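The residues making up each chain are set out below.
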Amino acid sequence: MRLKISLLKEPKHKELVSCVGWTTADELYSCSDDHQIMKWNLLTSETTRLVKLPDDIYPIDLHWFPRSIGGKKQSHAESFVLTSSDGKFHLISKLGRIEKTIEAHCGAVLAGRWNYEGTALVTVGEDGQVKIWSKSGMLRSTLAQQGEDCKYKVWDSYGRLLYSSQPHEYPITSVAWAVDGELFAVGSFHTLRLCDKTGWSYTLEKPNTGSIYNIAWSIDGTQLAGACGNGHVIFAHVVEQRWEWKNFEIALIKRRTMEVHNVINDAVDLLEFRDRVIKASLNYGHLVVSTSLQCYVFSVKNWNTPLIFDLKEGTVSLILQAERHFLLVDGGGLYLYSYEGRLISSPKYPGMRTDILNAQTVSLSNDTLAVKDKADEKVIYIFEALSGKPLGDGKPLTHKTEIVEIALDQKGLTSERKIAFIDKNRDLYITSVKRFGKEQKIVKIGTMVQTLAWNDTSNILCGIQDTRFTVWYYPNTVYVDKDLLPKTLYENEASEFSKNPQIVHFIGNLITIRRADGSLIHLNISPYPAILHEYVSSSKWEDAVRLCRFAKDQTMWTCLAAMAVANKEMATAEIAYASIGKIDKVQYINSIKDLPSKESRMAHMLLFSGNTQEAETLLLQTGLIYQAIQVNINLYNWDRALELAVKHKTHVDTVLAYRQKFLEDFGRKETNKRFLQYAEGLEVDWNKIKAKIEMEIAKERERAAASPAVRASVTVQQ
């Protein structure tokens, strides 16, 4: 990736240009020490003078009020803030009229910026102060700022330093982020640098500009403008972006031209577009390209005849792909399209801000769309992809701390869809997106996680946590038998990735990681776990067992054990647990197989996975009251066992008998008032209790035998 620079032969301003700002993707305003505000039209290449400022105003920085919030135009939207060398900032209309002037700092006001919501303004002065103002110009707070060190630095939103450059020969005079937060530009004396969000440099240009005092990115993020010390306004377009997927490599060689290279047969195709390319994405066998007016969808099998449809807005800021469809994000909303170009849905949520969404805060799968809220960063909105409606009861997923990155798994059933996310403490959590009316279990599966990615063909998760590269071969293990989770991981030393690496792709068995210096590292993992996922999803249990025997890997057997339990495949679970030496669990599985009814077996499988409440609910719903009571007795949930017995007027003596035996075994006396109350005048007769239990089991067997569906199920299990 690099910058293609353009400069006029003669400057339009007579003095140094101090600041620039875009109003649309093709219209720019510039201010200079000659007191002129000029308007540039890039479509017609015309430059006109908007207004001449008073002679005592020497402008330093310019920033337009946010254009729209949630698709609604703001009353301030046609205005900008202009800071000046006399310690003031000015609120100016689009026509050039000064609406308000505020005394802000001692010495020059070096920068002024609106926040994304347009509710506050921050200014930085020569006096070393950072001040925050309301949009009407009222001072809210004052912060301190350090001095010049000729470096550019990148921090995260929690103030942690992510990157610090080497000292430059001259002071850094300007920095600016692109709209999507993926790139930023740095200006200095005769210097323009393009950088990735992690800080490393794509390209370094040395134009004859003097110091570049201010940089502004266009709304579509394809080009930037710089205010130069020699009176010029420099324009630079981002070209030579690259996209890779399997055996295809695509490069943007000109603003309207892409080159496709098939590395297998060295075939090269040129893709020409009517307008300039703004965004592109290559995944799942399709290339999706948005220009300033249209969207093009190519299949990797045919580069000659793309599907083309018009766009409402020409400012697409994000494209996300899933296997069956893709998502376009622009200033107006979220739009889900099929690869045939049909609009599927357009999800909405309260206070929607699409201009600040990126690949870390939005995730897409075949059936689900997840979006992290900006107003409350503990919240994730989850939508059905096909309808665009909120999933389930409409309540968003809420975490206890702020969320940094989210990712949906890509394969499997909708009812089993999982979302993984990293919070601000860098802990990795996983949860199901479907709640079925009960509270979701959010489970921590990793710590100090910097980056993560799901595999494109199976639900395998990879991430870099602290100094270890980790692959969770079957993350769902945490819901099935959490004791097995550590044994389903692949871990390797990650020190070679240096500081702040990013996982770029996880396609097939290949993981691509970008280091902080920009270099790409490719890692291969074992192909066997993905094959195991495929066998299990197709219910090919015998093939799955044969694969594990062939691989002779304890990790594979552990994954198979968890997968079998999750799918209620008890015969396979027994083999897998035996292979990893979990004899106690083999015995428990055998005891489950001997239970009289399907409902009992299902309930005890839920107990096996630690889902006590769900097991009890299932037994009560199917009328197996004694089994529900016995489950609580086995777990020493005495109060709940007695509560059920009293409520259903059965087996009160059974509960009291087991409680009495439990206390005798430990040499303790009864102190629970409720148990003392029901034990008064009641004589425990173990013969009667055993007879009642045998009668309950016989009754359950009779009921099971009476149902043809259950009889068939029992036959299959045996």
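Anything mentioned here points back to the structure above.
Just so we're clear, the structure is a prediction, and the values are computed from it rather than from any experiment.

Thoughts on unusual backbone geometry
What is expected of a backbone is that most residues other than glycine have negative phi and most peptide bonds are trans.
Link 1 in the chain: Despite not being glycine, Asp266 shows a phi value in the positive range, around 60 degrees.
Link 2 in the chain: Tracing the backbone shows Asp266 in the loop between strand E27 (257–262) and strand E28 (267–272).
Link 3 in the chain: By relative accessible area, which is 55% here, Asp266 ends up exposed.
Link 4 in the chain: Within the chain, His651 stands out as a residue other than glycine whose phi angle is a positive 60 degrees.

Some remarks on the packing of helix H3 (residues 541–551) against helix H4 (residues 554–566)
Link 1 in the chain: The geometry of H3 relative to H4 is characterised by a closest axis approach of 9 Å and an angle of 160 degrees between their N-to-C directions. What the angle tells us is that H3 and H4 run roughly antiparallel. For the crossing formed where H3 meets H4, the hand is left-handed. Where H3 abuts H4, its residues Trp541, Ala544, Val545, Leu547, Cys548, Arg549 and Ala551 lie against Met556, Trp557, Leu560, Met563 and Ala564.
Link 2 in the chain: Here the residues of the contact of H3 with H4 are counted per class, giving 11 nonpolar, no polar and one charged.

Looking at the sheet that holds strand E42 (residues 418–423)
Link 1 in the chain: Read from one edge to the other, the open sheet built from four strands follows the order E41-E42-E43-E44, with strand pairing classed as antiparallel. Two strands bound the open sheet, and with one partner strand each, they are strand E41 (403–408) and strand E44 (443–446). The sheet shows a mean angle of 30 degrees between the axes of neighbouring strands, direction not considered.
Link 2 in the chain: Looking at chain direction, E42 and strand E43 (residues 428–432) are connected through five bridges and run antiparallel. Within the sheet, the bridge partner assigned to Lys418 lies in E43 and is Ser432.

What about the packing of aromatic side chains?
Link 1 in the chain: Tallied over the full model, the rule gives 32 aromatic pairs.
Link 2 in the chain: Ring centres of Phe326 and Tyr337 lie 5.9 Å apart, and the angle between their planes is 20 degrees; on these two criteria the pair is classed as stacked. Here Phe326, found in strand E34 (residues 325–330), pairs with Tyr337, found in strand E35 (residues 333–338); they are 11 residues apart in sequence, far enough to count as distant. With respect to class, Phe326 is no different from Tyr337; both count as buried.
Link 3 in the chain: The structure contains a cluster of three or more aromatic residues connected by ring pairs, namely Phe248, Phe273, Tyr296, Phe298 and Trp303.
Link 4 in the chain: It is Arg659 that lies over the ring of Phe675; its NZ or CZ is 4.6 Å from the centre.

Concerning the pairing of strand E49 (residues 502–507)
Link 1 in the chain: When E49 meets strand E50 (residues 510–514), the two strands line up antiparallel, connected through five bridges. For His505, the partnering residue across the bridge sits in E50 and is Thr512.
Link 2 in the chain: Between E49 and E50, which pair antiparallel in sequence order, lie two residues; one of them, Gly508, sits at a positive phi of approximately 60 degrees.

Concerning the sheet that holds E35
Link 1 in the chain: If you walk across this open sheet you meet the four strands as E33-E34-E35-E36, and the pairing is antiparallel. Of all strands in the sheet, those with a lone pairing partner are strand E33 (318–321) and strand E36 (343–345), marking the two edges. Ignoring which end each strand starts from, the neighbouring axes of this sheet average 30 degrees apart.
Link 2 in the chain: Pairing geometry for E33 and E34, over four bridges, is antiparallel. By the bridge assignment, Gln321 is partnered in E34 with Phe326.

Thoughts on helix H7 (residues 598–608)
Link 1 in the chain: Taking burial as the measure, the 11 residues of H7 include eight buried ones, the bulk of the element.
Link 2 in the chain: What H7 keeps buried is the set Ser600, Arg601, Ala603, His604, Met605, Leu606, Leu607 and Phe608.

A word on the pairing of strand E24 (residues 233–239)
Link 1 in the chain: Of all seven residues in E24, seven are buried, a share of seventy percent or more.
Link 2 in the chain: Neither face of E24 is open: one carries Val233, Phe235, His237 and Val239, the other Ile234, Ala236 and Val238, and all of them are buried.
Link 3 in the chain: Summarising the sheet, strand E1 (residues 2–6) and E24 pair through five bridges and their orientation is antiparallel. Note that in E24 the partner of Ile5 across the bridge is Ala236.
Link 4 in the chain: With five bridges connecting them, strand E23 (residues 223–228) and E24 associate as antiparallel partners. Within E24, the residue paired with Gln223 across the bridge is His237.
Link 5 in the chain: Taking the residues between adjacent antiparallel strands as the criterion, E23 and E24 are bridged by four residues, where Gly231 takes a positive phi near 95 degrees.

Description of the environment of Ile406
Link 1 in the chain: Along the chain, Ile406 turns up in strand E41.
Link 2 in the chain: Residue class for Ile406 comes out buried when judged on its relative accessible area of 3%.
Link 3 in the chain: C-alpha of Ile406 to C-alpha of Ala359: the two residues are 47 residues apart in sequence and 8.6 Å apart in space.
Link 4 in the chain: Once residues lying within four places of it in the same chain are set aside, the contact partners of Ile406 are Gln360, Thr361, Val362, Ser363, Ala370, Val371, Lys372, Ile380, Ile419, Ala420 and Phe421.

Section: helix H9 (residues 625–634)
Link 1 in the chain: With respect to burial, H9 is a largely interior element, nine of its 10 residues being buried.
Link 2 in the chain: Those residues of H9 lying buried are Ile625, Tyr626, Gln627, Ala628, Ile629, Gln630, Val631, Asn632 and Ile633.
Link 3 in the chain: Buried-residue contacts for H9 involve H7, helix H8 (612–621), helix H10 (638–648), helix H11 (652–665) and helix H13 (686–706).
Link 4 in the chain: Looking one or two residues beyond H9, the residue adopting positive phi is Tyr636, at roughly 60 degrees.

What to know about the pattern of salt bridges
Link 1 in the chain: Throughout the structure, instances matching the rule amount to 30 salt bridges.
Link 2 in the chain: Of the charged contacts, one joins Asp220 and Arg276 as a salt bridge, the two residues approaching to 2.6 Å between their closest N and O atoms. Of this pair, Asp220 sits in the loop between strand E22 (212–217) and E23 while Arg276 sits in the loop between E28 and strand E29 (277–283); the two residues are 56 residues apart in sequence, bridging distant segments of the chain.
Link 3 in the chain: Looking at Asp220, the relative accessible area reads 4%, which means it is buried.

How each quantity is defined
- Residues numbered from 1 in each chain as written.
- Predicted model: local features only at pLDDT ≥ 70, side-chain atom pairs only at ≥ 80, totals over all residues.
- Heavy atoms only, no water.
- Helix = DSSP H or I, 4+ residues; strand = E, 2+ residues; numbered from the N terminus.
- Buried < 20%, exposed > 50% of the residue type's maximum accessible area, 1.4 Å probe, protein only.
- Axes fitted to C-alpha atoms, helices over the stretch in contact; angles between N-to-C directions.
- Parallel < 35°, antiparallel > 145°, perpendicular 65-115°, else oblique.
- Left-handed = near helix turned anticlockwise from the far one by under 90°.
- Contact = heavy atoms within 4.5 Å.
- Nonpolar A, V, L, I, M, F, W, Y, C, P; charged D, E, K, R; others polar.
- Pairing = 2+ DSSP bridges.
- Phe/Tyr/Trp six-rings, centres within 6.5 Å; stacked < 30°, edge-to-face > 60°.
- Lys NZ or Arg CZ within 6 Å of the ring centre and 35° of its normal.
- Salt bridge = Lys/Arg side-chain N within 4 Å of Asp/Glu carboxyl O.

Note that every value here comes from positions in space, so none of it alone points to a role or purpose.
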